[in-house]
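# What the coordinates show
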Amino acid sequence: MLFWNESKNIMFWCDQLVEKLEGPQIINDSKTPSGRAHIGAMRGPLIHDAIFRTLKAKEVPVRYLFGCDDYDPVDEIPYGQAGHFEQYLGAPLCNVPPPPGSAATDMADHFISEFWGVFKELGIEPEFYRMRDIYRSGKFNESIDLILRQAHVVRRIYKEVSGSDRPENWHPFQVVCEKCGRIGTTEVTAYDGREVTYECKPFLVKWARGCGHLGKMSPFDGRGKLPWKLEWCAKWRTFPVTIEGAGQDHSTKGGSRDVAMACLKAIFGQQPPLNCPYDFFLVGGAKMSSSKGVGVSVRGMTDFLPPEVLRFLMIRTTPKHHVNFDSSEAHIIKVFNEFDRLHHRYFNDPKINEEDKRVYEISRVSPELDHWVADFQLVTALIQMPHLDAVKELEKRKGSPFTELDKKQLDLRIRAAKYWIENYATEEEKTRLQETLPAKAQELSATQRAFLQKLAALLPEAKWDGDSLQVCVFNAARLTPIDQPGAFKAIYRVLLDRDNGPKAGNLISFLDRDFVIQRCSELPVDKFDYAEESGSAPEVFEQWLEKEKNKITGITTEFDSVFNPDVGPSGQNPGVGLFLAEFSVNTSDGKSYRKRVLIGRFNGLDSKPELERLETTARQWMLELKTRLGVEIQG
Ligand SMILES: [Zn+2]
């Protein structure tokens, strides 16, 4: 069951969110370019994009703005780059030179370029803006003036809403120090309506040292910035913003969002934008941090997952729940398969519910026609078989030439599969076709070995395509008999030296017939162990017969006995034998079964009369079956 589909008739979160909105809308989101962006940072842009698309689809006039908060100070050093960045701690991000070798104009440009660079690939197309341009162009001058005049109101709100005390002369503004160029270390103590008085304090923050300079200057046209809670207010007022979600960590009671909302009301008399708090995107269960250099970068994840799958992963879940992503094979395959099922239903299932339809539409980068989908697990296995051309093999499987779109989508899957193998797959998860019988195959049970032998016997006549071979595998399992999981594990073990793999029929169809037959025949079967493992009690067979009897078109039987001289009561050790009745059953749906029934045991000292006794018992029982169930058994 898919996660978002747990309760029927619930609206897609996005539709629910915008349901009551009226009039034109402006959506805003932003990012501080302080380091390499990690994939978790993509959830905000994608959630806002989903809202943007939803409003556009409803023909609501809407704009989506995305800002680069590049007037923020450098407050931590990007992972592993202390040599370059340490001296700039406290300076505005846009005033810091880029790391050596970068083609960017500055640090902010360097980090935001990579982040914004993936937007288009993911189908996110907002109007970009940079805070340096907003401040320097004077767009915020009026808001800055009003906020500075109301500094006492801001101090009161900080105290009332978040409980934080500010000194009597504290003003919500930070200038760029005229002497040392830092912005994170300055504190404004007075405003006369034209200029602010400030001090560049050595110990204002832990992460940077101010130079001690005292000065007086205009706060306008880019000479400084508002603290970010007030910057939020100025954006909301100036642009003006009607919708802006924020991480749940900012949206707690008494948190930044509450402070910003209270200031907006008190200073500008405006209503705050609609919030859409969202939870984290976790990789492997841990919140990612860019400063520690752990986690997965936005660039890395976009090079890995096809854009539709990444969008799907981020937006199908309601924003207030966290999304957990892990790179294990089982999880990746699950994500692809869930997306593929949704794709299939979107194009083929007239009964698909509205919510699923919307999730699919919002997951797409652009509206596209239906296309052929290659199973991700199969693609992953194919590209690990060096003797095969994955594209050609899959085209054969499709049965007609690929369209442009088929090819484009398949290329994305092949890229994803390669990326996963190179970056995430553990040794056990790699699918390597085994040139020789792997050592671990010796651990297979006698029944699994007998199944492989049976399969080898059926393969010479099998039609060599995925579906026919899958049928062949099921037939061999029924004729052994063995439960299906045990059968599949045996196949994966001898071919790939692992417990699982892509659909067995598909896998075999890409291999050479003689090779598979040879491999399946290699393990000898211990007849005694096979009899002991696969021989059921007569009652079990009787129950099965009772259940299936209306379908049965014919049963034949043979008797068989195996003897093991090494097993028996200690001391005398005469050996032990098993006496079996083997039934071959055909049913009206065209299937054939083998059922092995253990009639009894005999010891090896004087076995002949015992065997005769057991055969008599068996015949007696079969006669009774005929009377009780009306089933005719031949032989
Ligand atoms: Zn300074």
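All values reported here derive from a predicted model rather than from experimental measurement. By convention here, each chain's residues receive numbers from 1 onward along its written sequence. In keeping with the model being predicted, local features are shown solely for residues with a pLDDT of at least 70 and side-chain atom pairs are shown and tallied solely at 80 or more, while totals for entire chains, interfaces and linings include all residues. Excluding hydrogens and water, the side-chain figures rest on all heavy atoms present in the structure.

## Looking at the overall build of the protein
When you go through the protein residue by residue, the secondary structure sums to 24 helices and 13 strands. Radius of gyration: over C-alpha atoms. The globule rule applied is 2.2 Å multiplied by the number of residues raised to the 0.38 power. For 635 residues, the compact-globule estimate of 2.2 N^0.38 gives 26 Å, and the C-alpha radius of gyration of the protein, at 35 Å, exceeds that figure by more than 25%. By principal-axis analysis of the C-alpha atoms, the protein measures approximately 120 × 50 × 50 Å. Counting only residues that meet the buried cut, the protein has 53% of its 635 residues in that class. Note on areas: these come from Shrake-Rupley sampling with a 1.4 Å probe, and a residue is covered only by the protein chains present in the view. For the protein, the exposed area adds up to about 29200 Å²; of that, 50% sits on carbon and sulfur atoms. Helix and strand definitions follow DSSP, with helices as H or I runs of at least four residues and strands as E runs of at least two, each counted in order from the N terminus. With a 1.4 Å probe rolled over the protein chains alone, any residue whose accessible area is under 20% of its type maximum counts as buried; one over 50% counts as exposed, and the rest are partly exposed.

## Comments concerning the coordination of the zinc ion
Each donor-metal-donor angle would ideally measure 109.5 degrees in four-coordinate tetrahedral geometry, or 90 or 180 degrees in six-coordinate octahedral geometry. We call an atom a donor if it is N, O or S and sits within 2.8 Å of the metal, or 3.2 Å for Na, K and Ca. Water is not counted, so some sites may look partial. Around the zinc ion, the protein supplies Cys177 (SG), Cys180 (SG), Cys200 (SG) and Cys211 (SG) as donor atoms, at distances of 2.2 to 2.3 Å. Considering all 4 donor atoms around the zinc ion, the spread of angles at the metal, 104 to 114°, places the coordination shape in the tetrahedral class. According to the relative accessible area criterion, Cys180 is partly exposed, its value standing at 26%. Here Cys211 falls in the partly exposed class, since its relative accessible area comes to 30%. Every geometry call rests on angle ranges, with four donors termed tetrahedral when all angles are between 85 and 135 degrees, four termed square planar and six termed octahedral when opposite donors are over 155 degrees apart and all others are between 65 and 115, and everything else termed irregular.

## Observations concerning the side chain of Glu393
Tracing the backbone shows Glu393 in helix H15 (residues 390-398). The class of Glu393 is buried, set by a relative accessible area of 16%. We call two residues in contact when some of their heavy atoms are within 4.5 Å. Filtering out sequence-adjacent residues up to four positions away, Glu393 remains in contact with Leu382, Leu388 and Phe510.

## A word on the sheet that holds strand E11 (residues 552-564)
One bridge is not enough; two strands pair if DSSP finds at least two bridges between them. Reading across the sheet, the 3 strands line up as E11-E12-E13 and stay open at both edges, with antiparallel pairing between neighbours. At either margin of the open sheet sits one strand with a lone partner, and together these are E11 and strand E13 (592-603). On average, each strand axis in the sheet is tilted by 20° relative to the strand beside it, whichever way the strands run. Where strand E12 (residues 576-587) and E13 come together, 11 bridges link them in antiparallel fashion. Its bridge partner being in E13, Asn586 is matched across the sheet by Ser592. Here, axes are lines fitted to C-alpha atoms. For helices the fit covers the stretch in contact, and angles between N-to-C directions go from 0 to 180 degrees. The strands that helix H22 (residues 527-534) touches are E11, E12 and E13; relative to E11, the one it contacts most, it runs at about 130°.

## Topic: the nonpolar core
Among the buried residues, those of types Ala, Val, Leu, Ile, Met, Phe, Trp, Tyr and Cys that are joined through side-chain atoms within 4.5 Å form a nonpolar core. Formed by 105 residues in total, the largest nonpolar core has its most connected members in Met42, Ile51 and Phe451. In terms of residue count, helix H19 (residues 484-496) provides more of this core than any other element does, 8 residues in total. Leaving out residues up to four positions away in the same chain, Ile51 has contacts with Trp13, Cys14, Leu17, Val18, Ile27, Ile243 and Cys276. Val74, Ile157, Trp232 and Val241 belong to the second-largest nonpolar core, a separate cluster that totals 55 residues.

## What about helix H16 (residues 404-423)?
One full turn of an α-helix is made of 3.6 residues, so residues set three or four places apart face in the same direction. Under the convention used throughout, the expected extent of a helix is 1.5 Å for every residue step, that is, one less than its residue count. Taking 1.5 Å of rise per residue, the 20 residues of H16 would be expected to cover 28 Å, and the 28 Å separating its terminal C-alpha atoms lies within 8% of that figure. By the burial criterion, the buried members of H16 are Leu405, Asp406, Gln409, Leu410, Leu412, Arg413, Ile414, Ala416, Ala417, Trp420 and Ile421. Looking at the packing, one finds that the buried side of H16 touches helix H10 (298-304), helix H11 (307-315), helix H12 (329-348), helix H14 (376-382) and H15.

## Quick look at the confidence of the model for the protein
In this model, the protein carries a mean pLDDT of 92, and residues with pLDDT of at least 70 account for 96%. Known as pLDDT, the predictor's confidence for each residue is given on a scale from 0 to 100. When the criterion is pLDDT under 50, residues 1-9 qualifies, and its contacts beyond four places in sequence or with other chains add up to 15 contacts.

## Concerning the pairing of strand E2 (residues 62-68)
The buried fraction of E2 is high, at 6 of 7 residues. Pairing between strand E1 (residues 25-31) and E2: 7 bridges, direction parallel. Residue pairing for E2: Asn28 is matched across the bridge by Leu65. Bridging between E2 and strand E3 (residues 127-130) involves 4 bridges; their strand directions are parallel.

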